[in-house]
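Examining the three-dimensional arrangement
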Amino acid sequence: MARNVGPVCRICRRAGQKLFLKGQRCYGPKCPFERRSFPPGERGSGRGRRRPSDYGVQLREKQKLRSIYGLLEKQFRRYVEHAERMAGITGENLLQLLERRLDNVVYRASFASSRAQARQLVNHRHFQVNGRPVDIPSYLVKPGDVIEVRENSAELSPIGQAIQAGAAGGGLSWLQVDNENLSVQIVGLPARSEIDTDVDEQLVTEFYAR
């Protein structure tokens, strides 16, 4: 499967804000965005830059949301189409679907320091859902599901370090995390107010509605 193998800090610079793609490094002084917050490229420092069009603003928001969750365009478009078929506001439906991905839940539960690390851990079958190993990062969890670290993976240092650092921040009402038993239960669906993704989802849906 294709994936971005370039320097992810350039993605943050292009977006004009931190997207926290590299875990704890993004919170420290070694984060490249702290030294060079302007976009990459010859004109990144400001000279010759033009005000973006409405299309450019929508495109930037779409690319930003894609980068945060680490998705390619074809996969991201499928989420948008799924959100359009759901009842309710399309933008909020889209964010809810992305939050329900297994790799995101592992990150939100602070079992990984970044979504990229969470995706790798899931791919390597270090987690199980309802007692069965799952190695599909895009697996959509639902209320009642229980995600656990597999017994043979309980001593992995990346998981322990992420828990100690509290990688994803404070607790969420839709997740019931048990750090002692290395498990998290889905007790509801994420509300928009609990999704701290700094993206205007309305602009994303407008981009695909053109």
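Our subject is the structure listed above.
Now for a description of the structure that goes with this document. A quick note: this is a predicted structure, and the numbers were derived from the prediction, not measured. (Residues numbered from 1 in each chain as written. Predicted model: local features only at pLDDT ≥ 70, side-chain atom pairs only at ≥ 80, totals over all residues. Heavy atoms only, no water.)

1. Considering the sheet that holds strand β5 (residues 183–186)
This is how it is decided: Strands are labelled as partners when DSSP assigns at least two bridges between them. In this description a helix means any DSSP run of H or I spanning at least four residues, a strand means any run of E spanning at least two, and both kinds are numbered starting from the N terminus.
With antiparallel pairing, the five strands of this open sheet are ordered in space as β2-β1-β3-β5-β4. Taken across any chain shown, the strands that pair with only one partner, and hence form the sheet edges, are β2 (132–133) and β4 (175–178). Pairing of β4 with β5, which is carried by four bridges, proceeds in the antiparallel orientation. Bridging across to β5, Leu175 finds its partner in Ile186.

2. Focus: the packing of aromatic side chains
Defined as follows: Here a Phe, Tyr or Trp ring, Trp counted by its six-membered ring, pairs with any other such ring whose centre lies within 6.5 Å, and the pair is stacked when the planes are under 30 degrees apart, edge-to-face when over 60, and tilted otherwise. Summary of the burial criterion: residues with accessible area below 20% of their type's maximum are buried, those above 50% are exposed, and those between are partly exposed, where the area comes from a 1.4 Å probe applied to protein chains only.
Within this structure, the stated rule accounts for four aromatic pairs. With a centroid separation of 6.1 Å and an interplanar angle of 40 degrees, the aromatic rings of Phe76 and Tyr208 are classed as tilted. You can see Phe76 sitting in helix α4 (residues 73–85) and its partner Tyr208 sitting in helix α9 (residues 201–208), a full 132 residues away along the chain. On the basis of relative accessibility, which here comes to 0%, the residue Phe76 falls in the buried class. Residue class for Tyr208 comes out buried when judged on its relative accessible area of 14%.

3. Considering the environment of Leu182
Which entries qualify depends on this criterion: Contacts were defined at the residue level, with two residues in contact if any of their heavy atoms lie within 4.5 Å.
Summarising the element assignment, Leu182 is placed in the loop between β4 and β5. Between the C-alpha atom of Leu182 and that of Glu148, which follows or precedes it by 34 residues, the distance is 5.9 Å. Ignoring sequence-local partners within four residues, the contact set of Leu182 consists of Phe111, Ile147, Glu148, Val149, Ala154 and Ile163.

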